[in-house]
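# Coordinates in review
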Amino acid sequence: MFQLGRIEKLHDYFSACSRRWEQAVFFYRVAGYSGEVAAFLTQYDQAARTNGVVIEGRIPNPDPKQLDYLAEMMGSDFQLDAGFLTQKLTRWLPRLTGVQREAVVTAMTATLQDLQAHGKNENMLRNAYIKYMCWLYYKFERILGRLGGDELPKILYDGTVSSYELQLLVILARAGADIVLLERAGDAGYLRCDPTSQYAQLYQAPGLTSFPADFSLRQLREQGRQQAERQKLYGAPAGIAPCTNAWMKTPDVKEILTAVRARGDDPKLFYNAFVVQYGVEDKLLFPSDMVAFYQQLKREGRKVCLENGRLPPPTPEEIAAVRRRNHQTAEQLAADLAANLQYPNNQQLQTLMRQAFLDVVLEEDKTVGGNLNRLLNKAVYLVAWMKRYQKDLFQNWQAPEVGVFILFGACSGDNEALFLRLLAKLPVDVLVLLPDLNAPCVLKDPALLDLHKEHSLPMTDFPVEPSQMRVRTAAYQAEREMDSILYQNTGLYRAKQHQKAEAVTLQTMYEEIGLLWDQELKYRPGFAAEGDTVTVPVLLEKICGIKDGPILPYWLEIKKLVTPETTLVTKLPWQTGLEANPMKPYATQFLRQGRLQREKIKQHKDYPYGILRPEIQDYLLDKLQVLLDEKLIAGTYQNGTEYTIVSTILGLPKDLLRRIQNFDFTKKNPKLIIISTTEETLSLEDSILVAFLNLVGFDILFFVPTGYQSIEKYFQKPFANEHQLGPYRYDLQVPDFRTLHEGGKSSIRKLFGRSF
């Protein structure tokens, strides 16, 4: 009869019988959870299903048919005698060998004797015997036939064991089977059957916790299945793995300057860094420190990639070069796209790249909730970026070389963060520097080292050469700090402090127009500033008719509105589409699937806005995209009107461009007044232009004394707020506002004595 032995570690369960001390069996109960326990149970469950039995829940009690069959075959007599049990087992389980039968008889006899010693009468022993025989025949015959081998059969019991079940398990353990009781609900149920832990030992180890509420063997099997499938995807291991940040002596960016061979000497590891630094330690020294940092990397022959602000998105050509097919699962998708990553000069690096790609994509599958379309888009970006930077980071790569990838200024996109996490699994030091504490960063990863410094220093570009440095004096730095105090959430604004604006149209009474017209935007209702974006309240009004009485006061009211910021149009059409516009023939190339091809526009030889500040260029293109997206102009994406929109906005008149360039979003905004006294209406180009200027932030007034529908023709929906002043007047001549005076006579007409 086998003795119950003790384990030093859970893995002892998988040692052969011949290698165990006194050739003992193991009978343990597991009531605590850890990662090690989960891994053991996964392996043990597989072993029990291969060479043993898994019991989930209680063992069913023998049913009447089973009891009748037992009585028919074996009779109803019972004796607590080894000879009697041998005779019965020979007939009941004829396929057992003599050695196996003897082991079962010896174990059953000892267990029944234990019960007898605890005061059980013969009737109780008979009932126990009947249960044992039925269970052995119907549930455990497969195990009995494996007794006696060097590889012991395994039993995994998942549940709260009953007294009879425990007795049977003791018989099987004494006969030569390893047993694990999985107690997800805790150990109290077992202790009711065996208060002194005479039979099964409780497994104890540091760090054990309660089992998770959703833990189950089915869950473990599913995880194992997924792991096996993924292992097929990964293929043979690369033979080298990352040791990220653990080699650093201090948490500091300058640790990246440590020579690669001085970081560690384990040939199975490459030693890389994955660091993000927020802010700077010293505002005056940071630029020069970064120049020295970069120059040392280059002197040591490190392969360095540097991107400022953001990773340029993959071009259409880069995306088209990524081979892909239809996929049914995330695993298929990841394996298919991983084949795009090739490095024939070094098979080990190619394997590393593909396995890192699989890791990141399959992790991201959980984030996107199994949405294969979203996952595909992200995976294509990863492949396109990897192929773009592969040459610079890994040219002629040999272990243990480690390249350097620096992202400077911001990490605001999820795809960018995903790519950096991918690089950090490769022989690359990944460094994200965010000297401006207000810069966005969405990068998170368990392996990432976060460094937080006290000071904030706005910078747009990483200085790689001394000539690029802008060394700040202490006085200049003090002024910048004072700016941050004065101009952050105080209602005070520095000149050109904000780079973007969102226009909202005010709804006003006619009498308010004159009050609001010459007012700075920051004082208007609805103004707000958040980050680098301002909400600017603008006027967009159509004034129809003229108040009863003389016409002169009407013109004088308009004259008061003609400020230095105002563009005045007195004759329609304003724009005809016949004006010189070198960008017009190329408009169809600048729009693809509803999106502006910004880089293509900016790189065109006749691009007219290249002389403007970069943020103004982006602002104009942003508003052009909004104009297209909102389909404010009738016919957009229906009859080619979208190309007219693009060509018109890329050919803005010079005076309007200058007004936009000079527009400070917190001060007075540029204005447009259009006076229509005839039957002429806004042309298509006029309509496009005024809609665009409204989005940019212009105040726009239409004076239409005739009351005609002079402005509505090309708009998809009502465009301007409308005011009715009084009777309509026709065939009026617009005066020269430069010579119009309160007395009603211009200087020339006064010579002739004619009243206007």
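Conventions we followed
- Residues numbered from 1 in each chain as written.
- Predicted model: local features only at pLDDT ≥ 70, side-chain atom pairs only at ≥ 80, totals over all residues.
- Heavy atoms only, no water.
- Salt bridge = Lys/Arg side-chain N within 4 Å of Asp/Glu carboxyl O.
- Helix = DSSP H or I, 4+ residues; strand = E, 2+ residues; numbered from the N terminus.
- Buried < 20%, exposed > 50% of the residue type's maximum accessible area, 1.4 Å probe, protein only.
- Polar contact = N/O pair within 3.5 Å; in protein donor to acceptor, adjacent residues only side chain to side chain.
- Contact = heavy atoms within 4.5 Å.
- Pairing = 2+ DSSP bridges.
- Axes fitted to C-alpha atoms, helices over the stretch in contact; angles between N-to-C directions.
- pLDDT = per-residue confidence, 0-100.
- Parallel < 35°, antiparallel > 145°, perpendicular 65-115°, else oblique.
- Left-handed = near helix turned anticlockwise from the far one by under 90°.
- Nonpolar A, V, L, I, M, F, W, Y, C, P; charged D, E, K, R; others polar.
- Phe/Tyr/Trp six-rings, centres within 6.5 Å; stacked < 30°, edge-to-face > 60°.

### Focus: the pattern of salt bridges
For the structure shown, the criterion picks out 38 salt bridges. Between Arg 325 and Asp 336 there is a salt bridge, with the nearest N and O atoms lying 3.5 Å from each other. Of this pair, Arg 325 sits in the loop between helix 11 (316-320) and helix 12 (330-338) while Asp 336 sits in helix 12, and the two are 11 residues apart along the sequence. With a relative accessible area of 12%, Asp 336 lands in the buried category. Across the pair Asp 629 and Arg 595 runs a salt bridge, and its minimum N-O distance is 3.6 Å. Of this pair, Asp 629 sits in helix 20 (residues 614-629) while Arg 595 sits in strand 20 (residues 595-596), placing them 34 residues apart in sequence.

### Concerning helix 12
Burial analysis of helix 12 places seven of its nine residues in the buried class, which makes it a mostly covered element. Within the sequence span of helix 12, burial applies to Ala 330, Glu 331, Leu 333, Ala 334, Asp 336, Leu 337 and Ala 338.

### Topic: the side chain of Arg 421
Structurally, Arg 421 is set in helix 15 (residues 414-423). The exposure class of Arg 421 is buried, given its relative accessible area of 17%. Of the polar contacts made by the side chain of Arg 421, one reaches the side chain of Asp 445; its length is 3.1 Å. Discounting residues that sit within four places of it in the chain, Arg 421 has contacts with Phe 274, Val 360, Glu 363, Glu 364, Leu 443, Lys 444 and Asp 445.

### A closer look at the sheet that holds strand 16 (residues 533-538)
Read from one edge to the other, the open sheet built from three strands follows the order 14-16-15, with strand pairing classed as mixed. Edge positions in the sheet fall to strand 14 (500-505) and strand 15 (528-530), since each of these pairs with one other strand and no more. Going from strand to strand, the sheet's axes swing by 20° on average, the running direction of each strand aside. Summarising the sheet, strand 14 and strand 16 pair through six bridges and their orientation is parallel. Note that in strand 16 the partner of Thr 505 across the bridge is Val 538.

### Considering the confidence of the model for the chain
The predicted model of the chain has a mean per-residue pLDDT of 90, with 94% of residues at 70 or higher. Scored below 50 in pLDDT, residues 744-756 shows 16 contacts in the model against residues more than four places distant or in partner chains.

### Remarks on the packing of helix 4 (residues 98-117) against helix 5 (residues 122-138)
At a minimum axis distance of 11 Å, the contact between helix 4 and helix 5 shows a crossing angle of 150°. Of the possible angle classes, the one that applies to helix 4 and helix 5 is roughly antiparallel. Where helix 4 crosses over helix 5, the handedness of that crossing is right-handed. Facing Val 104, Met 108, Thr 111, Leu 112, Leu 115 and Gln 116 of helix 4, the residues of helix 5 in contact are Leu 125, Ala 128, Tyr 129, Tyr 132, Met 133 and Leu 136. By residue class, the composition of the contact of helix 4 with helix 5 is 10 nonpolar, two polar and no charged.

### Let's talk about the packing of aromatic side chains
According to the stated counting rule, one finds 31 aromatic pairs in the structure shown. Taken together, a centroid distance of 5.7 Å and an interplanar angle of 55° make the contact between Phe 14 and Phe 40 tilted. On the criterion of sequence distance, the pair formed by Phe 14 in the loop between strand 1 (4-5) and strand 2 (25-30) and Phe 40 in helix 1 (residues 35-50) is long-range, its members being 26 residues apart. What makes Phe 14 partly exposed here is its relative accessible area of 24%. By relative accessible area, which is 4% here, Phe 40 ends up buried.

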